[in-house]
Amino acid sequence: MFKKLFLPVGLLLSVIISMIFPQLGTQVKQIFGSSLFILLIFLVCGYQTDFSGTKFNKSFLLSFLVCGVLSLLAAPWLGVGIARVFQLDKLAMTGLIVMACVPPTLSSGIVMTETAEGNIMLGVMMTVFYNLLGVLTMPLVVTWTLASKTDIDTNPLKMFIQLLLLVVLPFAVGFGLKKLLKRKLPSFCGYIPSACVILLILSFFSSANAQFKAYPVKFLLLIAAAGLLMRVGLMLILWFGGVFTKMNSADRKAAIFTAGSKTLTIALAILAILDVGNGPAVIPCMVFYFLQSMIDSALAGKMGLSAAKKREAENA
């Protein structure tokens, strides 16, 4: 129970602390930066990843391909459409579209899948491979979706190189260390990715504290509505994509909580690469991620409870 609540409760507390005492998060960012936390997340994820129990049959590959296309290629255009409908300004549009372009969240999606009693191994596979594939798709998709919508200067090659260093390299090092050392990490290390996400949220929300306070409430509500629609839309297209490929319930749960989620860490890294990481463009990303965390926590808990009741009824 503690592990399931660690991330959502930690995220909520980090947001509250960032609003009340932003100096703490600002100090964390000044001392550690953000790259260190990103590197740690992928280093630990690489070490913990185990593909030995995965069956790569036709059904799995079809589901994996369809969910990947929906998550990495269709979702960005959903973000473009929603930004147009809500008539967001240039920087808010940039933030929302970038959030739609990034791959699945790095750790919370797995926690949500476990809570909902979904297919954890499939969730891990989607998280890892879509993040690695995202290194290739993001520079191109971000450029395509932003080129005609804003005057933000995109540099696909620069984006690709930095994502290689932040995502692929630490993941490969972690995976290689596991093969070399041939031992499991201590149980507390399982909290490292979630703790890093919480600290990242604390530092970024604290840094944007003044921007949140200066941002008109009307526009914050508009961004929240756009973010809510995008999160629900992502869940629906992944759920029905799973129905189309005849995925079972556990697999569809993994799809909506992993492939249907979006990582704030990489979104903020992309905005930094685009030189808009310290402005209003970060607000749609943070609002979306907060909504995603709260919605997913509630839905995963309900699904997990329903699955437990069904199992008890079958065993009665």
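Before any of the text, the structure's been laid out above.
Details of the overall build of the protein
Logical step 1: Helix and strand counts for the protein come out as 14 helices and zero strands.
Logical step 2: For the protein, the sequential pattern of α-helices and β-strands runs α-α-α-α-α-α-α-α-α-α-α-α-α-α.
Logical step 3: A compact globule built from 316 residues should have a C-alpha radius of gyration of about 20 Å, and the protein, at 19 Å, falls within 12% of that.
Logical step 4: In terms of overall dimensions, the protein has C-alpha extents of about 55 × 40 × 40 Å along its principal axes.

A word on the packing of aromatic side chains
Logical step 1: Scanning the entire structure with this criterion turns up four aromatic pairs.
Logical step 2: Ring geometry for Phe64 versus Phe129: centroids 5.9 Å apart, planes at 85°, classification edge-to-face. Here the residue Phe64 occupies a position in helix α4 (residues 58-85), and Phe129 occupies one in helix α7 (residues 120-147), the gap between them amounting to 65 residues.
Logical step 3: With a relative accessible area of 14%, Phe64 lands in the buried category.
Logical step 4: Consider the rings of Phe171 and Phe175, whose centres lie 6.4 Å apart with planes at 10°: the pair is stacked. With Phe171 and Phe175 both in helix α8 (residues 156-181) and four residues apart, the pair spans about one turn of that helix.
Logical step 5: In this structure Phe171 comes out as buried when scored by relative accessible area, which is 10%.
Logical step 6: Taken together, the aromatic side chains of Phe64, Phe129 and Tyr130 make up a single cluster linked through ring pairs.
Logical step 7: Over the ring of Trp239 we find Arg252, and its NZ or CZ is 4.4 Å from the ring centre.

Focus: helix α3 (residues 35-48)
Logical step 1: Between its terminal C-alpha atoms α3 stretches 20 Å, which fits the 20 Å expected from 14 residues at 1.5 Å a residue.
Logical step 2: All of the buried residues along α3 are Phe37, Ile38, Ile41, Phe42, Val44, Cys45, Gly46 and Tyr47.

As for the packing of α4 against α7
Logical step 1: Orientation of α4 relative to α7, taken along the N-to-C sense of each, is 40°, at an axis distance of 10 Å. The pairing of α4 with α7 is recorded here as oblique in orientation. By crossing handedness, the relation of α4 to α7 is classed as right-handed. Contacts between α4 and α7 involve Phe60, Ser63, Phe64, Cys67, Gly68, Ser71, Leu72, Leu73, Pro76, Trp77 and Val80 from the former and Leu122, Met125, Met126, Phe129, Tyr130, Leu133, Gly134, Thr137, Val141, Trp144 and Thr145 from the latter.

Here's the deal with unusual backbone geometry
Logical step 1: With phi around 60°, Glu117 is a residue other than glycine that occupies positive phi space.
Logical step 2: Turning to its location among the elements, Glu117 is positioned in the loop between α6 (108-115) and α7.
Logical step 3: Unlike most non-glycine residues, Lys246 shows phi in positive territory, near 60°.
Logical step 4: Positionally, Lys246 belongs in the loop between α11 (217-244) and α12 (249-259).
Logical step 5: The exposure class assigned to Lys246 is exposed, which follows from its relative accessible area of 75%.

A look at the environment of Leu274
Logical step 1: Examined against the element boundaries, Leu274 turns out to sit in the loop between α13 (264-273) and α14 (282-315).
Logical step 2: A relative accessible area of 5% places Leu274 in the buried class.
Logical step 3: With 233 residues separating them in the primary sequence, Leu274 and Ile41 have C-alpha atoms 22 Å apart.

A closer look at α6
Logical step 1: Judged by how many residues are buried, α6 sits mostly within the fold: seven of eight residues are covered.
Logical step 2: Along α6, the positions that sit buried rather than exposed are Ser108, Gly109, Ile110, Val111, Met112, Thr113 and Thr115.
Logical step 3: Two residues or fewer past α6, Glu117 is found with a positive phi of approximately 60°.

Details of the side chain of Arg231
Logical step 1: Tracing the backbone through its elements, the reader meets Arg231 in helix α11.
Logical step 2: Given a relative accessible area of 0%, Arg231 falls into the buried group.
Logical step 3: Within the local environment of Arg231, its side chain forms a polar contact with the backbone oxygen of Ile256, the two atoms lying 3.0 Å apart.

A word on the packing of α13 against α14
Logical step 1: α14 packs onto α13 with a crossing angle of 175° between their chain directions and a minimal axis gap of 10 Å. Taken together, the axis directions place α13 and α14 in an arrangement best described as roughly antiparallel. Here Leu264, Ala267, Leu268 and Leu271 of α13 come into contact with α14, specifically with Val282, Cys285, Met286 and Tyr289.
Logical step 2: In terms of residue class, the contact of α13 with α14 is built from eight nonpolar, no polar and no charged.

Brief notes about the side chain of Gln292
Logical step 1: Inspection of the secondary structure assignment puts Gln292 in helix α14.
Logical step 2: Once residues within four sequence positions are removed from consideration, Gln292 is found in contact with Thr105, Arg231, Gly260, Ser261 and Lys262.

So, how was this worked out
Residues numbered from 1 in each chain as written. Predicted model: local features only at pLDDT ≥ 70, side-chain atom pairs only at ≥ 80, totals over all residues. Heavy atoms only, no water. Helix = DSSP H or I, 4+ residues; strand = E, 2+ residues; numbered from the N terminus. Rg over C-alpha atoms; globule rule 2.2 N^0.38 Å. Phe/Tyr/Trp six-rings, centres within 6.5 Å; stacked < 30°, edge-to-face > 60°. Buried < 20%, exposed > 50% of the residue type's maximum accessible area, 1.4 Å probe, protein only. Lys NZ or Arg CZ within 6 Å of the ring centre and 35° of its normal. Expected span 1.5 Å × (residues − 1). Axes fitted to C-alpha atoms, helices over the stretch in contact; angles between N-to-C directions. Parallel < 35°, antiparallel > 145°, perpendicular 65-115°, else oblique. Left-handed = near helix turned anticlockwise from the far one by under 90°. Contact = heavy atoms within 4.5 Å. Polar contact = N/O pair within 3.5 Å; in protein donor to acceptor, adjacent residues only side chain to side chain. Nonpolar A, V, L, I, M, F, W, Y, C, P; charged D, E, K, R; others polar.

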